[in-house]
Amino acid sequence: MQSDPSDLGAAAPEASIPMHRSTSMPVKPKPLEQKPLLRSSEKETVNAADYYPESPGFVRRRKSKITSGDHLETRSEQNFPCSHDWAGSTIELTPDVGGTSSDGLKRTLHRVMEKNGKENVVFRRIPEKSWRYMRDLVTTLIELDWKYMLTLFLGSYFLSWLLFAALCYVVAYSHGDFVFDPVTGARLGEGDSPCIYGVGNWVAMLIYSVETQSTLGFGEKYASEECPETIILFVLQMVSAALIEGCMVSVIYAKTARPARQMTKLKFSDKAVICYRDGQLCLLFRVCDPREQQSIESKIRVFMIVDKRTREGEVIKTHTELKLEGNGEQLIVWPDVVCHVIDETSPLFQFTTAKLFNAAQFELYVSIVGTSPATAQMTEAKTSFLPREIFWGQRFVNIIHYDPLNERYVVDYENFNSTISVDMPPRVSAKEHLKLEYRK
């Protein structure tokens, strides 16, 4: 049996419950005004800081012609998906400072060695620090900054002039050489002659001290036999002048010609790169000695400095030397590329991708020791590389060319730090490599 729809419609108003206004809302609320949504010009502006920086001096490659069967893994594919319109990413993955690594250590990027070779280490609260410096006074003077050294050099002369001028003035004043008759102008002091001829005031005494110490010769001002004190001061001033000149000149010459300062002319590349060489993954950086006379028997050593947590919870700094090609003996006649093969024995072998490599916490300490051809002394130049300064999937461009017209090699020094992106095939283990060879 079906009910009539008209009856249901008539009964609906009668069954409705009357609505009463709430006492908590005595006033009827106003409807919300509908405002049109406008696009913000600030949100539409591309902020360059939101993107990862690219390697300085890079050259972007064109899309590589690789078949699907021989597809190589690029740096972009190892870290994040992107389009395949070009191969060999040059984007640097900078880790977030202040995070925490897998071993629980706080992520910090503090250098042990600055890029210019200065050590970022300061010793404080050393017992008897001043006495230690005074016992090795020569080394302390050589290691002083030039502003302090020049101040000490000039001050030593002025102080000696003033000191001996004051002593001679006291001797002459006690002898009465500065007491004169106001009428005749004759000297009224003791003895027949003054201690120092030609000196009647303090300015003349200072000029006498300068002439004596600089051995300019005795003209109108010279010491007499009347006062033995002036003869003793004259001898002491000559001896002190020889000591001051000998010490200051020797220290300044040693400071100017010391080999450690000469080796700072040796130039390192601003960055290091990781790419493949003859099928082996390698860490590369470039070094150059632009002087005409290069250092003799140069030896390059690279250490990896990393914080390590012991089982007892102690955090210690460890350093491991990286094995270099040619045992680090480089011929720096022209800009040379130093190579470290990242194999199973390398401490960098654990970083298999660019993301893991850039997220690591270590510092590469680079040292070059050689013999200076000018002084025949051992010299050293230093620098360091952090993970953010090591770029994955790049290699240095060739800057050495032969000029057949002039029959000599030409070095394009302007592109010393320039790199290009390269394809990075996925790393395979030794077992997988043997399996692939067996299948072939």
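So, here is what we can say about the structure in this document.

Procedures and definitions
Residues numbered from 1 in each chain as written. Predicted model: local features only at pLDDT ≥ 70, side-chain atom pairs only at ≥ 80, totals over all residues. Heavy atoms only, no water. Helix = DSSP H or I, 4+ residues; strand = E, 2+ residues; numbered from the N terminus. Contact = heavy atoms within 4.5 Å. Areas by Shrake-Rupley, 256 points an atom, 1.4 Å probe, with all protein chains shown as cover. Core = buried A, V, L, I, M, F, W, Y, C linked by side-chain atoms within 4.5 Å. Buried < 20%, exposed > 50% of the residue type's maximum accessible area, 1.4 Å probe, protein only. Patch = residues over 30% accessible without salt bridge, like charges linked within 9 Å, V, L, I, M, F, W, Y side chains within 5 Å. Salt bridge = Lys/Arg side-chain N within 4 Å of Asp/Glu carboxyl O. Lys, Arg positive; Asp, Glu negative; His and termini not counted. Charge placed at Lys NZ, Arg CZ, Asp CG, Glu CD. Disulfide = S-S within 2.5 Å. Pairing = 2+ DSSP bridges. Axes fitted to C-alpha atoms, helices over the stretch in contact; angles between N-to-C directions. Parallel < 35°, antiparallel > 145°, perpendicular 65-115°, else oblique. Left-handed = near helix turned anticlockwise from the far one by under 90°. Nonpolar A, V, L, I, M, F, W, Y, C, P; charged D, E, K, R; others polar. Phe/Tyr/Trp six-rings, centres within 6.5 Å; stacked < 30°, edge-to-face > 60°. Lys NZ or Arg CZ within 6 Å of the ring centre and 35° of its normal. Expected span 1.5 Å × (residues − 1). Polar contact = N/O pair within 3.5 Å; in protein donor to acceptor, adjacent residues only side chain to side chain.

**With respect to the overall build of the protein chain**
Right, so step 1: Scanning the protein chain from N- to C-terminus turns up 11 helices and 16 strands.
Right, so step 2: In the protein chain, the proportion of contacts linking residues at least 24 apart, taken out of those at least 6 apart, comes to 65%.
Right, so step 3: When the accessible surface of the protein chain is totalled, it reaches about 30100 Å², and 57% of it is carbon and sulfur.

**Here we look at the nonpolar core**
Note that soluble globular proteins tend to have their nonpolar side chains buried in a common cluster.
Right, so step 1: If you look at the biggest cluster of nonpolar residues, it comprises 39 residues, and the most contacted ones within it are Ile-274, Leu-283, Leu-348, Phe-362, Leu-364 and Ile-390.
Right, so step 2: Of all the elements, strand S6 (residues 280-288) adds the most residues to this core, at 6 residues.
Right, so step 3: Ala-172, Ile-196, Ala-204 and Leu-233 belong to the second largest nonpolar core, which has 13 residues in total.

**A look at a negative patch on the surface**
Right, so step 1: Together, Glu-190, Asp-192, Glu-225 and Glu-226 give the surface a local cluster of negative charge.
Right, so step 2: Mapped onto the elements, Asp-192 comes out in the loop between helix H6 (146-174) and strand S2 (196-197).

**Focus on the state of the cysteines**
Right, so step 1: Tallying each qualifying case throughout the model produces 1 disulfide.
Right, so step 2: In this model, Cys-195 is linked to Cys-227 through a disulfide, with the two sulfur atoms separated by 1.7 Å. Judged by the sign of its S-S torsion, about -45°, the bond between Cys-195 and Cys-227 is left-handed. Here the residue Cys-195 occupies a position in the loop between H6 and S2, and Cys-227 occupies one in the loop between strand S3 (222-223) and helix H8 (228-257), the gap between them amounting to 32 residues.

**Considering the sheet that holds strand S11 (residues 378-385)**
Right, so step 1: Here we have 4 strands laid out as an open sheet, ordered S8-S7-S10-S11, and antiparallel in their pairing. Because the sheet does not close on itself, it has two edges, and the strands there are strand S8 (315-322) and S11. Between one strand axis and the next, the sheet turns by 25° as a mean value, whatever way the strands run.
Right, so step 2: Summarising the sheet, strand S7 (residues 296-309) and S8 pair through 8 bridges and their orientation is antiparallel. The residue of S8 that forms the bridge with Phe-303 is Glu-321.

**Let's talk about the packing of H6 against helix H7 (residues 202-214)**
Right, so step 1: Close contact between H6 and H7 brings their axes to 8 Å; oriented N to C, the two are set at 125°. Classified by the angle their axes make, H6 and H7 are oblique. In the packing of H6 onto H7, the handedness of the crossing is right-handed. Where H6 abuts H7, its residues Tyr-157, Ser-160, Trp-161, Leu-162, Phe-164, Ala-165, Ala-166, Cys-168, Tyr-169 and Ala-172 lie against Trp-202, Met-205, Leu-206, Tyr-208, Ser-209, Val-210 and Gln-213.
Right, so step 2: Its residues assigned to classes, the contact of H6 with H7 shows 14 nonpolar, 3 polar and no charged.

**Topic: the packing of aromatic side chains**
Right, so step 1: Under the criterion given, the structure shown has 16 aromatic pairs.
Right, so step 2: Centroid distance Phe-303 to Tyr-365: 6.3 Å. Interplanar angle 55°. Geometry classified as tilted. Placement of Phe-303 in strand S7 and of Tyr-365 in strand S10 (residues 363-371) is noted, with a sequence separation of 62 residues between them.
Right, so step 3: For Phe-303, a relative accessible area of 17% translates into the label buried.
Right, so step 4: Since its relative accessible area comes to 16%, Tyr-365 is described here as buried.
Right, so step 5: Residues Phe-351 and Phe-357 carry aromatic rings whose centres are separated by 5.7 Å and whose planes lie at 80° to one another, so their mutual orientation is edge-to-face.
Right, so step 6: Across the ring face of Trp-146, the terminal group of Lys-255 is positioned such that the distance to the ring centre comes to 5.3 Å.

**A look at H6**
Residues spaced three or four apart along an α-helix point in a common direction, a consequence of the helix completing one turn every 3.6 residues.
Right, so step 1: An ideal rise of 1.5 Å per residue puts 42 Å on 29 residues; H6 measures up with 42 Å between its terminal C-alpha atoms.
Right, so step 2: Taken together, the buried positions of H6 are occupied by Met-149, Ser-156, Tyr-157, Ser-160, Phe-164, Ala-165, Cys-168, Val-171 and Ala-172.
Right, so step 3: Residues of H6 that are buried sit in contact with helix H5 (137-142), S2, H7 and H8.
Right, so step 4: Two residues or fewer after H6 comes Gly-176, characterised by a positive phi angle close to 80°.

**Some remarks on the side chain of Lys-271**
Right, so step 1: Following the sequence through the fold, Lys-271 ends up in the loop between strand S4 (267-268) and strand S5 (272-277).
Right, so step 2: One buried charged residue, Lys-271, remains without a salt bridge, the closest side chain of opposite sign being Asp-270 at 7.9 Å.
Right, so step 3: Within the structure, the side chain of Lys-271 is placed 3.2 Å from the side chain of Thr-419, a separation counted as a polar contact.

**What to know about the environment of Lys-382**
Right, so step 1: Of note, Lys-382 is situated in strand S11.
Right, so step 2: Linking Lys-382 and Ile-368, residues 14 residues apart in sequence, is a C-alpha distance of 6.4 Å.
Right, so step 3: At a separation of 3.3 Å, a polar atom in the side chain of Lys-382 contacts the side chain of Glu-119.

**Remarks on the packing of H7 against H8**
Right, so step 1: Following both chains from N to C, one finds H7 and H8 inclined at 60°, their axes separated by 8 Å at the closest point. For the element pair H7 / H8, the angle class is oblique. Judged by the twist between their axes, the crossing of H7 over H8 is right-handed. Between H7 and H8, the contacting residues are Tyr-208, Ser-209, Thr-212 and Gln-213 on the first element and Phe-234, Gln-237, Met-238, Ala-241, Ile-244 and Glu-245 on the second.
Right, so step 2: Partitioning the contact of H7 with H8 into residue classes produces 5 nonpolar, 4 polar and 1 charged.

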